[in-house]
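Below, each chain spelled out in residue letters.
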Amino acid sequence: QVQLVDSGGELVQLGGSLRLSCAASGISISLSTMAWYRQAPGKQREFVARITGAGYSYTADSVKGRFAISKDGAENTVYLQMNNLTPEDTAVYYCNYNEPGRDYWGLGTQVTVSS
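It should be emphasised that the depicted structure is a prediction, and the values quoted were computed from it without experimental measurement.

## A word on the state of the cysteines
Tallying each qualifying case throughout the model produces one disulfide. Covalently, cysteine 22 is tied to cysteine 95 through a disulfide, its sulfur atoms 2.0 Å apart. Handedness of the cysteine 22-cysteine 95 disulfide follows from its S-S torsion of about -75°: it is left-handed. Placement of the pair is cysteine 22 in strand β3 (residues 18-25) and cysteine 95 in strand β9 (residues 91-99), with a sequence separation of 73 residues. Residue class for cysteine 22 comes out buried when judged on its relative accessible area of 0%. For cysteine 95, a relative accessible area of 0% corresponds to the buried category.

Right, here's the structure in full:
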């Protein structure tokens, strides 16, 4: 049974940094593509970053240069390092694992950036 537990969100000031974590069970992240999405109030959920089982990463243009996705195979955990945060980054952030025909999601972790 796949389970994703995302954490690390909190209130942070403009220009601050946070690191989100996604602890996975039921899958090996070393063999899986994992991703982060976010959903701001009143907006659709949007892609933020993903990392393949081989370690190749890709980030959305909106966060490129500020956010970085990484993983620790021994901990079976995926991370999202977020730097130089702005109020536009305020959202609930979700960890995601996709397999053919099904998406798995964490419950989400709230990130709020104050100006």
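## Thoughts on the sheet that holds β3
With antiparallel pairing, four strands are arranged side by side in an open sheet as β1-β3-β8-β7. Lying at the two open borders of the sheet, with one neighbouring strand each, are β1 (3-7) and β7 (67-72). On average, each strand axis in the sheet is tilted by 15° relative to the strand beside it, whichever way the strands run. As paired elements, β7 and strand β8 (residues 77-82) share six bridges and run antiparallel to each other. Looking at the pairing, serine 70 lines up with tyrosine 79 of β8.

## Focus on the pairing of strand β11 (residues 109-114)
With burial as the criterion, only one face of β11 is covered, namely that bearing Thr109, Val111 and Val113; the residues Gln110, Thr112 and Ser114 on the opposite face remain uncovered. Pairing between strand β2 (residues 11-13) and β11: three bridges, direction parallel. Its bridge partner being in β11, valine 12 is matched across the sheet by valine 113. Bridge count for β9 against β11 is three bridges, and the pairing is antiparallel. If you follow tyrosine 93 over to β11, its bridge partner there is threonine 109.

## Structural notes on the packing of aromatic side chains
Applying the stated rule across the entire model yields five aromatic pairs. Pairing phenylalanine 47 with tyrosine 58 gives two aromatic rings, centres 6.0 Å apart and planes at 20°, and the pair type is stacked. Linking phenylalanine 47 in strand β5 (residues 46-51) with tyrosine 58 in strand β6 (residues 57-59), this pair joins segments that are eleven residues apart in sequence. Among the residues examined, phenylalanine 47 registers a relative accessible area of 22% and is labelled partly exposed. For tyrosine 58, a relative accessible area of 39% puts it in the partly exposed group. Arranged with centres 6.3 Å apart and planes meeting at 85°, the rings of tyrosine 94 and tryptophan 105 form a pair that is edge-to-face. Taken together, the positions of tyrosine 94 in strand β9 and tryptophan 105 in strand β10 (residues 102-105) put the pair eleven residues apart, joining distant regions of the chain. Accessibility expressed as a relative area gives 13% for tyrosine 94, which makes it buried.

Conventions and cut-offs
Residues numbered from 1 in each chain as written. Predicted model: local features only at pLDDT ≥ 70, side-chain atom pairs only at ≥ 80, totals over all residues. Heavy atoms only, no water. Disulfide = S-S within 2.5 Å. Helix = DSSP H or I, 4+ residues; strand = E, 2+ residues; numbered from the N terminus. Buried < 20%, exposed > 50% of the residue type's maximum accessible area, 1.4 Å probe, protein only. Pairing = 2+ DSSP bridges. Axes fitted to C-alpha atoms, helices over the stretch in contact; angles between N-to-C directions. Phe/Tyr/Trp six-rings, centres within 6.5 Å; stacked < 30°, edge-to-face > 60°.

Functional significance is not addressed by these values, which are geometric in nature.
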